[in-house]
Amino acid sequence: MTAGRPMPTQDDVLGYFNTLSNWGRWGDDDELGTLNHITDDVRLAAARAVRHGRSVSCAWEVAVPEDMERSTTTCPCAADMPGAEDMPVPGFRADRRWGFSSERLGITFHGNTLTHVDSPCHIFWDGTMYNGRSHSLVDAATGSAWAAVTAAANGIITRGVLLDIATVRDVPWLEPGQGVFPDDLEEAERRQGVRVRSGDAVLLRTGYGRVRHEAGEAGGFTQAGWHASCLPWLHEREVALIGADTPQDVQPSGYEDVLMPVHAVSLVAMGLWMLDNCDLEVCARTAAELGQWDFQLAVAPVRFAGTSGSPVNPIATF
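Predicted model, so just to flag it, every value in this text is computed and none were measured.

Novice: Hey, could you go over the overall build of the protein chain for me, with residue numbers and the actual values?
Specialist: Across its full length, the protein chain holds 9 helices and 15 strands. Its C-alpha atoms give the protein chain a radius of gyration of 22 Å, within 12% of the compact-globule value 20 Å for 318 residues. When the 318 residues of the protein chain are sorted by exposure, 48% land in the buried category. Here the contacts in the protein chain between residues at least 6 apart in sequence split such that 79% fall between residues at least 24 apart. Separation of charge centres in the protein chain, based on 24 positive and 42 negative side chains, amounts to 8 Å.

Structure (structure tokens):
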């Protein structure tokens, strides 16, 4: 897939940490990174992308308990609870028909399965995070004091653009190890009649979601995804957020000394937030049916203090 394409060398990719850096662009204390591209005008434009009123989820359902630890408590009648007679609210003692269930859940959301957002503190390079902060600001007990997911506490509401690369290449899905390149992105724009602009979220469909639906989750660490050569394109277009139906980076990356260049350069140098492991199949079918490849995208991370991301359910509204 690289024949005839100008490919950045490993030195070029390592140079992206400097040439594509947004350190200081929005001030030395900035933790939002590329989310700064989402201005009030961008949000208003995203609202205008809603032309049909149809909304779809771009997340995988979380299998419980397979994907998380779970402890569920049930009580069919509140009055039968041990100690309910001593509760201060009279209704708990009098209403013998009232019951409840509750859960305690434990989840590891980073990885290749669950749909989640990565905040800039998720990746270090040479011991450094976005905007030049030391990895020492991440503590095992308290989490990160810098660029945690809570920086996006007000949500990520912007115009989303789905680029369906599998359809552009006329294949059901990209094979593991196949990268997506800037000319793929521009060909998708041309065919779909859409153009990525400043503040947009770009969702990349490789077709892996179809594989998961038909054959189940694939094992191993080989996958289709963004090639490092897309990074200057994303920087030039001032993209606020990227997502994919894989964990983003094509694997293997093709660069011996940079295992995951898209993750590393995006999060550390650019402050570019990421949505890993989206399910884009319904979104793609809806876009094709409506003939509309842009939409309002809403992502609301859970405000977990000091964490490097959050499980999310991105909603595309057409």
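Novice: Which residues make up the pattern of salt bridges, and what values do they have?
Specialist: In total, this model carries 15 salt bridges according to the counting rule given. Two residues, Glu187 and Arg191, come together in a salt bridge whose shortest N-O distance is 3.0 Å. In this pair, Glu187 and Arg191 both sit in helix H5 (residues 182-192), 4 residues apart, roughly one turn of the helix. A residue is classified by how much of its surface remains accessible, and Glu187, at 23% relative accessible area, is partly exposed. Accessibility expressed as a relative area gives 49% for Arg191, which makes it partly exposed. In this structure, Glu189 engages Arg237 in a salt bridge whose closest nitrogen and oxygen atoms are separated by 2.7 Å. With a gap of 48 residues between them, Glu189 in helix H5 and Arg237 in the loop between helix H7 (231-236) and strand S11 (241-244) connect regions that are remote in the sequence. Judged by relative accessible area, which is 10%, Arg237 ranks as buried. Salt bridges sharing common partners tie together Arg51, Arg159, Asp200 and Asp294.

Novice: Run through the state of the cysteines, naming residues and quoting values.
Specialist: Counted under the stated rule, the structure contains 0 disulfides. Of all cysteine sulfurs, the one in Cys278 lies closest to Cys230, which takes part in no disulfide; the gap is 16 Å. For Cys230, a relative accessible area of 1% gives the class buried.

Novice: Could you give an account of the side chain of Asn22, with specific residues and numbers?
Specialist: Checked against the element boundaries, Asn22 lands in the loop between helix H1 (10-19) and helix H2 (40-48). The buried category is assigned to Asn22, whose relative accessible area is 2%. A distance of 2.8 Å separates the side chain of Asn22 from the backbone oxygen of Met270, its partner in a polar contact. Look past the residues within four positions of Asn22 in its chain and what remains in contact with it is Thr34, Tyr130, His235, Ala269 and Met270.

Novice: Just give me the short version of the sheet that holds strand S12 (residues 273-276), but keep the residues and values in it.
Specialist: Pairing in this open sheet of 9 strands is mixed, and the strands run S1-S15-S13-S7-S9-S11-S12-S4-S14 from one edge to the other. Looking along the sheet, the strands with just one partner apiece sit at the ends: strand S1 (55-57) and strand S14 (309-311). Across the sheet, the mean angle from the axis of one strand to that of its neighbour is 25°, orientation sign disregarded. Inspection of the sheet shows S1 paired to strand S15 (residues 315-317) by 3 bridges, in the antiparallel sense.

Novice: Describe the packing of aromatic side chains, listing the residues and the values that go with them.
Specialist: A full pass over the atoms with the stated rule returns 2 aromatic pairs. Aromatic pair Phe17 and Trp125: ring centres 4.5 Å apart, planes at 15°, arrangement stacked. Of this pair, Phe17 sits in helix H1 while Trp125 sits in the loop between strand S4 (116-118) and strand S5 (138-139), and the two are 108 residues apart along the sequence. Its relative accessible area of 12% is what places Phe17 among the buried residues. Judged by centre distance (5.0 Å) and plane angle (50°), the ring pair of Phe295 and Phe318 falls under tilted. One end of the pair, Phe295, is in strand S13 (residues 294-299); the other, Phe318, is in the segment after S15, and 23 residues separate them in sequence. Residue Phe318 is classed as buried on the basis of its relative accessible area of 0%. The ring of Trp60 has Arg212 sitting right over it, with the charged end atom 3.9 Å from the ring centre.

What counts, and at which threshold
Residues numbered from 1 in each chain as written. Predicted model: local features only at pLDDT ≥ 70, side-chain atom pairs only at ≥ 80, totals over all residues. Heavy atoms only, no water. Helix = DSSP H or I, 4+ residues; strand = E, 2+ residues; numbered from the N terminus. Rg over C-alpha atoms; globule rule 2.2 N^0.38 Å. Buried < 20%, exposed > 50% of the residue type's maximum accessible area, 1.4 Å probe, protein only. Contact = heavy atoms within 4.5 Å. Lys, Arg positive; Asp, Glu negative; His and termini not counted. Charge placed at Lys NZ, Arg CZ, Asp CG, Glu CD. Salt bridge = Lys/Arg side-chain N within 4 Å of Asp/Glu carboxyl O. Disulfide = S-S within 2.5 Å. Polar contact = N/O pair within 3.5 Å; in protein donor to acceptor, adjacent residues only side chain to side chain. Pairing = 2+ DSSP bridges. Axes fitted to C-alpha atoms, helices over the stretch in contact; angles between N-to-C directions. Phe/Tyr/Trp six-rings, centres within 6.5 Å; stacked < 30°, edge-to-face > 60°. Lys NZ or Arg CZ within 6 Å of the ring centre and 35° of its normal.

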